[in-house]
Structure formats: C-alpha cells, structure tokens
Amino acid sequence: MEPDIAGKPVAGKAESQLRKGVLEYCVLAILREGPRYGVELLETLGAVNVMVTSQGTIYPLLSRLRRDGLVETRWQESPSGPPRRYYELTPAGHAALKEFTAIWPHFRDAVDHFITD
C-alpha cells in the first residue's frame, strides 16, 4: 500500500481488486469458526493489513450472502448497547467455502506461474 497525503496507507488498484475477489470467501472462512456480528468481522479482517475493509463494503456483502443462502442471521441482545445481528454459515455456505478452498491453491499456483521470474 502506498501512503496518501495524510500518510495513511491507500490500497492500489491491484490490491483493491484482489480483495474484492476473495473477501466473500474470507468472511465465510471466519464464520466457519462460529457466528459473528458485523463489527467483529471487520475487526478480524482488519487484523490482516491487506484485508482492511469498511462497513460500506461488509454490510452489503453480508446482505448478499444472506440473500444467496450462504449465511443466516439472528438478533441477539448485547451487553453493551443495542441488539446485534449475528451471521452464521448455512450448509450452502459451508459447501461454497469447501469449493473455494479446493480451488484456491490451484488458482494461486497458476497466477504464481505467470508472475514469477
């Protein structure tokens, strides 16, 4: 990442496009560990620098995953504030993640083939 005028890192086009391509599957992988609410997902993704994303990206993605039947949601009371919407993998979500997990090493190796000297 390159710094912006204020010195904050700004993702380049390639990094941004790569993130868009894999973010859905990273979210599914995180949810494999158990139900999470949106802010938890943002924090977990943000712990890996190149996966930092915003609420404006994660919530539309979660809505699409729900519409596609890959996650289901439930509301749960919060000990500090309003109720939280928790997201959990469905059997279809587990299947989608399993498919991606099987394909990813071959895809990564193919890209490495072309970009490695």
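All values derive from a computational prediction rather than experimental measurement. (Residues numbered from 1 in each chain as written. Predicted model: local features only at pLDDT ≥ 70, side-chain atom pairs only at ≥ 80, totals over all residues. Heavy atoms only, no water.)

**Student:** Would you take a moment to explain the nonpolar core for this structure?
**Tutor:** Generally speaking, a soluble globular protein has its nonpolar side chains buried in company with each other. Among the nonpolar cores identified, the biggest contains 21 residues, and Val27, Leu28 and Leu65 are the most heavily contacted of them. Residue assignment for this core shows that the elements contributing at least two residues are α1 (13–32), α2 (38–46), α3 (55–67), β5 (84–89) and α4 (91–115). No other element matches the 7 residues that α1 contributes to this core. Not counting chain neighbours up to four residues away, the residues in contact with Val27 comprise Leu41, Leu45, Ile58, Leu61, Leu62 and Leu65. (Core = buried A, V, L, I, M, F, W, Y, C linked by side-chain atoms within 4.5 Å. Buried < 20%, exposed > 50% of the residue type's maximum accessible area, 1.4 Å probe, protein only. Helix = DSSP H or I, 4+ residues; strand = E, 2+ residues; numbered from the N terminus. Contact = heavy atoms within 4.5 Å.)

**Student:** Please clarify how α3 should be interpreted in this entry.
**Tutor:** For an α-helix, the turn length of 3.6 residues means that residues three or four places apart are oriented alike. With 13 residues, α3 should reach 18 Å at 1.5 Å per residue; the first-to-last C-alpha distance of 18 Å fits that figure. Buried residues of α3: Ile58, Leu61, Leu62 and Leu65, and no others. Down the axis of α3, the smallest arc covering the buried residues is 100°, so these residues share one side. Summarising the geometry of α3, the exposed residues directed more than 90 degrees from the buried face are Gly56 and Arg67. Next to the buried residues of α3 lie α1, α2, β4 (71–76) and β5. Phi turns positive one or two residues past the end of α3, at Gly69, with a value near 80°. (Expected span 1.5 Å × (residues − 1). Arc of directions from axis to C-beta.)

**Student:** It is not clear to me how the UniProt feature "domain: Transcription regulator PadR N-terminal" (unreviewed entry) in the chain should be interpreted in this structure. Could you clarify?
**Tutor:** According to UniProt, the "domain: Transcription regulator PadR N-terminal" (unreviewed entry) feature falls on residues 27–99. Helix and strand shares over residues 27–99 are 51% and 19% respectively, and the end C-alpha atoms of the span are 14 Å apart. (UniProt positions renumbered as here; feature names shortened; annotations may be inferred.)

**Student:** Could you clarify how one ought to interpret the side chain of Arg19 in this entry?
**Tutor:** Assignment of secondary structure puts Arg19 in helix α1. A distance of 3.4 Å separates the side chain of Arg19 from the backbone oxygen of Val52, its partner in a polar contact. (Polar contact = N/O pair within 3.5 Å; in protein donor to acceptor, adjacent residues only side chain to side chain.)

**Student:** Help me out: how do you make sense of the side chain of Thr53 in this one?
**Tutor:** With respect to the helices, strands and loops of the structure, Thr53 is situated in the loop between α2 and α3. Once you skip the residues sitting within four places of it in the chain, Thr53 turns out to touch Leu23, Leu42 and Leu45.

**Student:** Sorry, what's going on with the packing of α1 against α2 here?
**Tutor:** For any two helices packed against each other, the geometry comes down to the angle between their axes and how far apart the axes lie. Relative orientation of the contacting elements α1 and α2 amounts to 110°, with a least axis distance of 11 Å. By the angle class used here, α1 and α2 are roughly perpendicular. Seen from α1, the contacting residues are Leu23, Cys26, Val27, Ile30 and Leu31; seen from α2, they are Leu41, Thr44 and Leu45. Here the residues of the contact of α1 with α2 sort into 7 nonpolar, 1 polar and no charged. (Axes fitted to C-alpha atoms, helices over the stretch in contact; angles between N-to-C directions. Parallel < 35°, antiparallel > 145°, perpendicular 65-115°, else oblique. Nonpolar A, V, L, I, M, F, W, Y, C, P; charged D, E, K, R; others polar.)

**Student:** It is not clear to me how the packing of α2 against α3 should be interpreted in this structure. Could you clarify?
**Tutor:** Closest axis-to-axis distance for the α2/α3 pair is 10 Å, and the angle between their directions is 120°. In this view, α2 runs oblique relative to α3, as classed from their interaxial angle. Of the two elements, α2 crosses α3, and the hand of that crossing is right-handed. For the pair α2 and α3, the contacting residues are Gly38, Val39, Leu41, Leu42 and Leu45 in the first and Gln55, Ile58, Tyr59 and Leu62 in the second. Of the residues in the contact of α2 with α3, the class split is 7 nonpolar, 2 polar and no charged. (Left-handed = near helix turned anticlockwise from the far one by under 90°.)

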